[in-house]
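Per-entry structural report
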Amino acid sequence: MPLDRDAEAIHTRRLRLLPLLADHAEELAAVLSDPALHAFTGGAPATPEALRTRYERLVAGSPDPAVTWCNWAIHLRDRGCLAGTVQATVTADEQGRAAEVAWVVGTDWQRRGIATEAARGLVAWLRKQAVQTLIAHIHPDHHASAAVAAAAGFTPTGHEQDGETRWQLGPEGGRRPDDGRGSGRE
């Protein structure tokens, strides 16, 4: 069963996770323009036009009615600007709801606990949506992302997919994180 409602704004101590809009593309293209952000995932920074097209597809929703795409822009309350994105792809089967999650924070905003706070806020929101299992795939050499996952309650499972380690929070692993209001450090 898909989620009962679409993504909504998520509030943490320092952040507002805003439901992603195509209009976020230009600002996020600048925020995510550092090629170093692709060191572990491959690819290259997207142009504002390419991001707008991608965001339009994401906002339109999954063509599969059993899958819900939830995407947010990370908004820094005190600065009034965007710093990155978080996302969850939610599915359901006989074991319940599961979500594949990811986050990215622009280079200028890293090492400030933003990704950790955003990931914790996302986890708390997904738990309120009765998502039992959360999964993140992280390159084994991406220590900053692994630290974010650990701070949000995920644990590595030892399973690998496409060169990335599966981290999980839910029935088979992971601990319950706090309510997403802590800042953590990545």
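Placed above this text is the structure.
Heads up: these notes are all about the structure in this document. Everything numeric in this text was worked out from a predicted model, so none of it was measured.

**Section: the nonpolar core**
Counting residues in hydrophobic clusters, the biggest one holds 49 residues, and the most contacted among them are Leu28, Ile74, Val101, Trp103, Leu126 and Phe154. With residues near it in sequence (within four places) discarded, leucine 28 still touches Leu20, Leu51, Tyr55, Ala73, Leu82, Gly84 and Thr85.

**A few points about the sheet that holds strand S2 (residues 15–19)**
The strand order across the open sheet built from 8 strands is S1-S2-S3-S4-S5-S6-S8-S7, with neighbouring strands paired in mixed fashion. Only two strands of the sheet have a single partner each, and these edge strands are strand S1 (10–11) and strand S7 (155–161). Summarising the sheet, S2 and strand S3 (residues 68–76) pair through 5 bridges and their orientation is antiparallel. Within S3, the residue paired with arginine 16 across the bridge is histidine 75.

**A look at the side chain of glutamine 168**
One can find glutamine 168 in strand S8 (residues 164–169). For glutamine 168, a relative accessible area of 4% gives the class buried. At 2.9 Å, the side chain of glutamine 168 forms a polar contact with the side chain of arginine 166.

**Side note on the pattern of salt bridges**
By the definition in use, this model includes 2 salt bridges. Across the pair glutamate 117 and arginine 14 runs a salt bridge, and its minimum N-O distance is 2.7 Å. In this pair, glutamate 117 is assigned in helix H3 (residues 114–128) and arginine 14 in the loop between S1 and S2, connecting sequence segments 103 residues apart. Given a relative accessible area of 24%, arginine 14 falls into the partly exposed group.

**A look at the pairing of S8**
When strand S6 (residues 131–138) meets S8, the two strands line up antiparallel, connected through 5 bridges. Paired with leucine 134 across the strands is leucine 169, a residue of S8. Summarising the sheet, S7 and S8 pair through 4 bridges and their orientation is antiparallel. Considered in S8, the bridge of proline 156 is made with tryptophan 167. Where S7 hands over to S8, the hairpin turn is made up of 2 residues, of which aspartate 162 adopts a positive phi near 50 degrees.

**Some thoughts on the packing of aromatic side chains**
Per the counting criterion, the structure on display carries 2 aromatic pairs. Centre to centre, the rings of tryptophan 72 and tryptophan 125 are 5.1 Å apart; their planes meet at 75 degrees, and the pair counts as edge-to-face. Taken as a pair, tryptophan 72 in strand S3 and tryptophan 125 in helix H3 lie far apart in primary sequence, 53 residues in all. Judged on exposure class, the residue tryptophan 72 and its partner tryptophan 125 are both buried.

**Examining helix H2 (residues 48–60)**
For H2, which comprises 13 residues, the first-to-last C-alpha distance of 18 Å matches the rise-based estimate of 18 Å (1.5 Å per residue) to within 8%. Residues of H2 that are buried: Leu51, Tyr55 and Leu58. Along the axis of H2, the buried residues cluster in a sector spanning 55 degrees; they form a single face. Among the exposed residues of H2, those oriented more than 90 degrees off its buried face are Glu49, Arg57 and Ala60. Looking at the packing, one finds that the buried side of H2 touches helix H1 (25–31), S3 and strand S4 (81–93). Taken from the residues just after H2, glycine 61 is the one with a positive phi, measuring 95 degrees.

About the criteria used
- Throughout, a residue's number is its position along its own chain's written sequence, starting from 1.
- Residues qualify for local features only when their pLDDT is at least 70, as the model is predicted, and side-chain atom pairs are given and counted only at 80 or more; totals for whole chains, interfaces and linings, by contrast, use all residues.
- Side-chain descriptors were evaluated using all non-hydrogen atoms of the structure, hydrogens and water having been removed beforehand.
- Throughout, nonpolar core names a set of buried Ala, Val, Leu, Ile, Met, Phe, Trp, Tyr and Cys residues whose side chains join them through atoms within 4.5 Å.
- Here the term buried applies to any residue with accessible area under 20% of the maximum for its type, exposed to any over 50%, and partly exposed to those in between, with areas from a 1.4 Å probe on protein chains only.
- Note on definitions: a residue-residue contact is assigned when non-hydrogen atoms from the two residues lie within 4.5 Å.
- In short, DSSP must find at least two bridges between two strands for them to pair.
- Runs of H or I in DSSP of at least four residues are treated as helices and runs of E of at least two as strands, each being numbered from the N terminus.
- Pairs of N or O atoms within 3.5 Å make up the polar contacts considered here, provided that, within protein, one atom can donate a hydrogen while the other can accept it, and that residues adjacent in sequence are counted only when both atoms are side-chain atoms.
- Each salt bridge in this description consists of a side-chain nitrogen of Lys or Arg and a carboxyl oxygen of Asp or Glu lying within 4 Å of one another.
- A pair of Phe, Tyr and Trp rings is counted when the ring centres sit within 6.5 Å of each other, with Trp represented by its six-membered ring. The angle between the planes then sorts it: under 30 degrees is stacked, over 60 is edge-to-face, the rest tilted.
- By definition here, a helix of n residues has an expected span of 1.5 Å times n minus one.
- In this context, the arc is that of the directions from the helix axis out to the C-beta atoms.

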